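# Working through the structure, step by step
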Amino acid sequence: LLSLTPCIFPMVPILSSIIISQPSGVMNEKKGFIFSLVYVLSMSLAYTIAGIMAALFGSNIQASMQNPWVIVSFSLFFVALAFSMFGLYEIKMPLWIQNKIHKKTGEAQTKGIFGIAIMGFLSALIVGPCVAAPLAGALMYIGQSGDALLGGSALFVMSLGMGVPLLLIGTTAGKYMPRPGVWMQSVSIFFGIVLLAVALWMLSRVMPS
């Protein structure tokens, strides 16, 4: 579902530039798929690391979640994230960090498969703030579980799902590209409702039905 939000679009020009920069005689559907797969797997690696770190460092959250004030605070945080999905405000990475990452991806483009892997990893940082609300929800859940295997595998699978349109774009050279529109906003609203539901579920531990 995250791949159907506008968040995936910043990655499209990066991946397209990789495909376009290859010699026309060398590029075919198979190579397009391989390049896209390397890109998506590297992006998934960044999210996997985030999931493992959340589980390892968040295991202490589990004990503190017995405190009503902590539960209420976390619930309010989820409500704030939901409002960002409803378009009330936008969570963005500072412009100077974005510029640095874009510069690095430009440099990596000339380094073949290894360069594509670097670009995929850095792209996860570019798109991260856009999916911050659902991602933060997932990381907070993983943090409470304290399970590093769950953290790594859950975020890896989630980011693979996000990368499916990129695989399609890379393999078909952008012929089958979802058109941006109001329907994408509907997906974001759905995530907002889910985050509000999580906030209510958390509050149910300390408040009557």
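Attention in this report is confined to the structure presented alongside it. For every chain, the first residue of the written sequence is number 1, and numbering continues from 1 onward in sequence order. With pLDDT at 70 or above as the cut-off, local features in this predicted model cover only qualifying residues; side-chain atom pairs require 80 or more to be listed or tallied, and sums for whole chains, interfaces and linings still use all residues. Note that the side-chain values use all heavy atoms of the structure and ignore hydrogens as well as water.

Moving on: helix 4 (residues 68-85). Given 3.6 residues per helical turn, the α-helix brings residues three or four places apart onto the same face. Over its 18 residues, helix 4 runs 26 Å from end to end, which matches the ideal 26 Å to within 8%, given 1.5 Å per residue. Residue burial is assigned from relative accessible area. The probe radius is 1.4 Å, only protein chains are included, and a residue is buried under 20% of its type maximum, exposed over 50%, and partly exposed in between. Only DSSP runs of H or I covering at least 4 residues are called helices, and only runs of E covering at least 2 are called strands; the numbering of each starts at the N terminus. Residues of helix 4 that are buried include every one of I71, F74, S75, F78, L81, A82, S84 and M85, and no others. Projected onto a plane normal to the axis of helix 4, the buried residues spread over an arc of 170 degrees and lie on a single side. The exposed set on the far side of helix 4, more than 90 degrees from its buried face, consists of W69 and L76. Given a helix with a known number of residues, its expected span is that number minus one, times 1.5 Å. Along the arc lie the directions from the helix axis toward the C-beta atoms.

Moving on: the environment of D147. Mapped onto the fold, D147 is located in the loop between helix 7 (132-145) and helix 8 (148-171). The class for D147 is partly exposed, based on a relative accessible area of 35%. C-alpha of D147 to C-alpha of L56: the two residues are 91 residues apart in sequence and 7.3 Å apart in space. Contacts between residues were defined by any pair of non-hydrogen atoms, one from each residue, lying within 4.5 Å. For D147, the residues in contact, after removing those within four places along its chain, are A55 and I142. Two N or O atoms count as a polar contact when they lie within 3.5 Å, although within protein this holds only if one can serve as hydrogen donor and the other as acceptor, and sequence-adjacent residues are included solely when both atoms are side-chain atoms. In terms of polar contacts, D147 uses its side chain to reach the backbone amide nitrogen of L149, at 3.0 Å.

Stacked, tilted and edge-to-face are the three classes assigned to paired rings of Phe, Tyr and Trp, where Trp is represented by its six-membered ring and a pair needs centres within 6.5 Å; plane angles under 30 degrees give stacked, over 60 edge-to-face, the rest tilted. Here the structure, examined in full by the defined rule, presents one aromatic pair. Ring centres of F190 and F191 lie 5.9 Å apart, and the angle between their planes is 65 degrees; this geometry places the pair in the edge-to-face category. A cation over a ring is seen here: R205 above W201, with NZ or CZ 4.8 Å from the ring centre. Any Lys NZ or Arg CZ that is within 6 Å of a ring centre and within 35 degrees of that ring's normal is treated as a charge sitting over the ring.

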